[in-house]
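An overview of the molecular structure
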Amino acid sequence: MNDSLSNLLSENRTFAPSAEFAAQANAKADLYEIAERDRLAFWEEQASNLHWHEKWNQVLDWQPPFAKWFAGGKLNASYNALDRHVLEGRGDRVAFLFEGEPGDTREITYAQMLTEVKKTANALLSLGVKDGDRVAIYMPMIPEAAVAMLACARIGATHSVVFGGFSADSLLARIQDADATLVITADGGFRKGGAFGLKSIVDDALKGETNVQHVLVVKRTGQDVTMGAKDIWWHELVDKQSAEHEAQPFDSEHPLFILYTSGTTAKPKGIAHTTGGYLTQAAYTHRIVFDLKPETDIYWCTADVGWITGHSYVVYGPLINGATQVMYEGTPDTPHKGRIFEMIEKYGVTILYTAPTLIRTWMKWGDEFPNKYNLKSLRLLGSVGEPINPEAWMWYREVVGGNNCPIVDTWWQTETGAIMISPLPGVTATKPGSAMRTLPGISAKVVDDEAKEVGNGGGGYLVLDKPWPSMLRGIWREPDRYKETYWSRFDGLYFAGDGAKLDDDGALWLLGRVDDVMNVSGHRISTTEVESALVSHHAIAEAAVVGANDELTGQAIVAFVILRGGVEPDQELEKSLKAHVTKEIGAIARPRQIMVVAELPKTRSGKIMRRLLRDVAENRAVGDATTLADPNVMKLISEGLQSEKKED
Ligand code: WTA
């Protein structure tokens, strides 16, 4: 047994797109061959869908691990997202259907977005912001967040969006690392039925040493804030600006944004993205993966702009493609657990893109919430952020999609900038839980410890072996860390940190972060497969497993599970779950211990923090019989989470 990662779970269900969907799809099967024949020509073709002030003179300049795409070309991101639509007669199309958590709504057309962005660009210029400067954006999920990003892009300032849930210390660290000179924020935002503060946190952060000259503040909640010498209200400055501003062309490799990823241990990494290649791949993937028909679709990606998904699939991809999209400020359970479904019905959403953490939460809450609303407008569903367990996939398909929507499980990262692995919704016969294969133009491999391809039926490390247009250009001002983090494990290959396997048909399955892999009696077992086996039990909505030290087997599997709505824990359940895992994937994966919990510790973007669970599992007595629904477990988890969030 020397597999880099065991292949345990097998899945035989497949779902081909309907003939009607296939016939109207943006991407047909020949796209793979076209891309294969001449990869660089294929990407040039995709880049030509953007407006370039000047065409590039070289498609790819690859000095591993540093890439330049479309070098010599000049373009403007905001021009591509907005001006173009207005100039070509689409100014009256709605860009955003915004809904605040309290229920306030705004409809904003492309022409209105453009006017707002031009005024904001003029406001930034009036504050002395120049191209190449960094601007930190710390906002709730409101249209001004997108306006702020596009206004930066318009004048060539590099934005660094910091998710509004981060603490003052985290914000300060990011402002300092990027050396931002302007912060754009709001008084606060609405969340879980109340107003939370943002400006007050900016004030705290700026007690630290920074080069911030001004803070521009959107009035959203109307809560009390202190306005100091550097602080300016958005409505006072932006509203009086001229609505004329001509977008300047910038180099294809001009830095468009920095986005920090927390990483599991060390200081956050400033993932740096540039313009031409990033926009090319964001727009291309948005068109082919979501099958967007801009005249008729109502698209909704539930991600916050504080994450890469919000950058690529709320702001840049959809706006370049002229989409009409829903933007929602609040949480999915406010004022009730059917809020998202209610909005799907209200706006007639056709394309929904969300994360497995929300899908599993919906499963936990129960089917009555989606069942209460008419979801028939939906025609495509997407998933991103974590492996989606086959049962969660099936639930999404049946209960949300009414068995009528292709599901695209999309694998990518902050670092990759855009989707890399996903079904094509009109082409691929999907398997529940599999991201299936690389998109046309993209190349990935699954390799073992020696960088040899594992072949079908084998598990190992997911690597990207060819540069792609939206790849990160580095870690902000840390070139050595960039090489060390992504390019040192395997010679000449980008290692993404994820485990993966190819099944017997060559479909690709993501198996979670390799740091989380469990080693049981010498078998390397992925967390994903054991979790998926647990979630396929009728009582379980969500599961997280970790390897805890074990005298006998090196590590033993400890599982934390959340029950589906209405299920009560009892001692029989633990036995039945262990037997179920054994039946699904084998005795080697049988958990030593199973604990029922009410919540799992998650990062702010919703990924399960297994490292923290490992601490909990290892600090408890082995074989403790009273593990089910032990309140102390919850206490340990929440204490760990508190200290974790403080350090962030
Ligand atoms: C995980 C989010 C399985 C993976 C766009 C990756 C996934 C990390 C999937 C990046 C998926 C994302 N299936 N795992 N469809 N999508 N991941 O930077 O571990 O927030 O490396 O980017 O999320 O997370 P990030």
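Look a little higher up for the structure.
In what follows, the accompanying structure is described.

Cut-offs and rules
Residues numbered from 1 in each chain as written. Predicted model: local features only at pLDDT ≥ 70, side-chain atom pairs only at ≥ 80, totals over all residues. Heavy atoms only, no water. Helix = DSSP H or I, 4+ residues; strand = E, 2+ residues; numbered from the N terminus. Rg over C-alpha atoms; globule rule 2.2 N^0.38 Å. Buried < 20%, exposed > 50% of the residue type's maximum accessible area, 1.4 Å probe, protein only. Contact = heavy atoms within 4.5 Å. Areas by Shrake-Rupley, 256 points an atom, 1.4 Å probe, with all protein chains shown as cover. Pairing = 2+ DSSP bridges. Axes fitted to C-alpha atoms, helices over the stretch in contact; angles between N-to-C directions. Near = heavy atom within 4 Å. Polar contact = N/O pair within 3.5 Å; in protein donor to acceptor, adjacent residues only side chain to side chain. Nonpolar A, V, L, I, M, F, W, Y, C, P; charged D, E, K, R; others polar. 1 Å grid on protein atoms, 1.4 Å probe; cavity = no way out; pocket = protein on both sides within 12 Å on 5 of 7 lines; lining within 4 Å. Points joined across faces, edges and corners; volume = space filled by probe spheres on them. Phe/Tyr/Trp six-rings, centres within 6.5 Å; stacked < 30°, edge-to-face > 60°. Lys NZ or Arg CZ within 6 Å of the ring centre and 35° of its normal. Parallel < 35°, antiparallel > 145°, perpendicular 65-115°, else oblique. Disulfide = S-S within 2.5 Å. Salt bridge = Lys/Arg side-chain N within 4 Å of Asp/Glu carboxyl O. Core = buried A, V, L, I, M, F, W, Y, C linked by side-chain atoms within 4.5 Å.

**Details of the overall build of the protein**
Helix and strand counts for the protein stand at 20 helices and 30 strands. Scaling as 2.2 N^0.38, a compact globule of 648 residues should have a C-alpha radius of gyration of about 26 Å, and the protein matches this with 24 Å. Summarising its shape, the C-alpha atoms of the protein cover approximately 70 × 60 × 50 Å along the three principal directions. Buried positions account for 63% of the 648 residues belonging to the protein. Considering only residue pairs separated by 6 or more positions, the protein has 72% of its internal contacts joining residues 24 or more positions apart. When the accessible area of the protein is evaluated, it comes to approximately 23,900 Å², of which 48% is carbon and sulfur surface.

**Overview of the pairing of strand S4 (residues 94–99)**
In the case of a regular strand, side chains alternate between the two sheet surfaces. Most of S4 sits out of view: six of its six residues are buried. Bridge count between S4 and strand S5 (residues 105–109): five bridges; the pairing is antiparallel. Note that in S5 the partner of Phe-98 across the bridge is Arg-106. Two successive antiparallel strands, S4 and S5, enclose a turn made up of five residues, where Gly-103 displays a positive phi of approximately 105°. In this structure, S4 lies alongside strand S17 (residues 324–328), joined through four bridges in parallel fashion.

**Description of the sheet that holds strand S25 (residues 508–513)**
Strand order in the open sheet formed by four strands is S21-S22-S24-S25, and the pairing between neighbours is antiparallel. Of all the strands in the sheet, the pair left with one neighbour each is strand S21 (444–447) and S25. Strand-to-strand twist of the sheet, defined as the mean angle between neighbouring strand axes without regard to direction, takes the value 45°. Summarising the sheet, strand S24 (residues 494–502) and S25 pair through four bridges and their orientation is antiparallel. Residue Ala-500 lies in a different strand from S25, and its bridge partner there is Leu-510.

**Looking at the site of the ligand**
In the vicinity of the ligand, 16 residues are found, and the nearest of them are Asp-409, Thr-410, Thr-414, Asp-498 and Arg-513. Glu-386 has a polar backbone atom sitting 3.3 Å from a nitrogen atom of the ligand. In the environment of the ligand, an oxygen atom lies 3.0 Å from a nitrogen or oxygen atom belonging to the side chain of Lys-607. Computed on the free molecule, the ligand has an accessible area of 530 Å², of which 90% lies beneath the protein chains in the complex. Counting residues per element, the ones that place at least two in the shell around the ligand are helix H11 (308–320) and S25. When its residues are assigned to classes, the shell around the ligand shows six nonpolar, five polar and five charged.

**Digging into empty space enclosed by the protein**
For the coordinates displayed, the defined rule picks out four cavities of 30 Å³ or more. Gly-433, Trp-509, Leu-510, Thr-528 and Ser-532 are, among the 14 residues lining the largest cavity, the residues nearest its centre. Class assignment of the residues belonging to the lining of the largest cavity gives a composition of seven nonpolar, four polar and three charged. When its volume is computed, the second largest cavity comes out at roughly 60 Å³. Here the lining of the second largest cavity is composed, by residue class, of seven nonpolar, four polar and no charged.

**A word on unusual backbone geometry**
Cis rather than trans, the peptide bond between Pro-64 and Pro-65 has omega equal to -5°. At the junction of Thr-334 and Pro-335, the peptide bond is cis and its omega measures out at 0° in the coordinates. One non-glycine residue, Ser-521, lies in positive phi territory at about 50°. Note that Ser-521 resides in the loop between strand S26 (518–520) and strand S27 (523–525). A relative accessible area of 45% means that Ser-521 is categorised as partly exposed.

**Structural notes on the sheet that holds strand S12 (residues 231–233)**
Pairing is mixed across the open sheet formed by eight strands, whose spatial order is S12-S11-S8-S6-S7-S14-S15-S23. Each edge of the open sheet carries a strand with a single partner, namely S12 and strand S23 (474–475).

**Examining the environment of Ala-19**
Looking at the element boundaries, Ala-19 is found in helix H1 (residues 19–24). When the C-alpha atoms of Ala-19 and Gly-426 are compared, they prove to be 8.5 Å apart, with 407 residues separating the residues in sequence.

**Quick look at the packing of aromatic side chains**
This model, assessed by the stated rule, comprises 30 aromatic pairs. Residues Trp-62 and Trp-487 carry aromatic rings whose centres are separated by 5.8 Å and whose planes lie at 55° to one another, so their mutual orientation is tilted. Pair noted here: Trp-62 is in strand S1 (residues 58–63) and Trp-487 is in helix H16 (residues 479–487), with a separation of 425 residues, a long-range link. Residue Trp-62 is classed as partly exposed on the basis of its relative accessible area, which comes to 27%. The buried category is assigned to Trp-487, whose relative accessible area is 13%. Just above the ring of Tyr-32 sits the side chain of Arg-437; from NZ or CZ to the centre is 3.6 Å.

**What to know about the packing of helix H13 (residues 356–365) against helix H15 (residues 390–400)**
For the pair H13 and H15, the least separation of the axes is 10 Å and the interaxial angle reads 70°. In this view, H13 runs roughly perpendicular relative to H15, as classed from their interaxial angle. Counted together, Ile-359, Arg-360, Trp-362 and Met-363 of H13 and Glu-391, Ala-392, Trp-395, Tyr-396 and Val-400 of H15 form the full contact between these two elements. For the contact of H13 with H15, the residue count by class is seven nonpolar, no polar and two charged.

**Notes on the state of the cysteines**
Evaluated as defined, the whole model comprises zero disulfides. With no disulfide of its own, Cys-301 lies closest to Cys-405 among cysteine sulfurs, the gap being 16 Å.

**Topic: the pattern of salt bridges**
One pass over the structure, following the stated rule, counts 41 salt bridges. As a salt-bridge pair, Glu-144 and Arg-106 come within 3.0 Å of each other at their nearest N and O atoms. Here the residue Glu-144 occupies a position in helix H6 (residues 143–155), and Arg-106 occupies one in strand S5, the gap between them amounting to 38 residues. Salt-bridge contacts for Lys-130 lead to Asp-133; the nearest nitrogen and oxygen are separated by 3.6 Å. Look at Asp-133 and you get buried, because its relative accessible area is 15%. When salt bridges that share partners are traced, they join Asp-177, Lys-267, Glu-478 and Arg-481 into one network.

**Quick word on the nonpolar core**
Ile-184, Phe-290 and Tyr-316 are the most contacted members of the largest nonpolar core, which totals 138 residues. When residues of this core are assigned to their parent elements, the largest contribution, ten residues, is made by H6. Apart from residues lying up to four places away in sequence, Phe-290 is in contact with Thr-285, Tyr-299, Tyr-313, Ile-351, Tyr-353, Arg-379, Leu-380, Val-408 and Ile-419.

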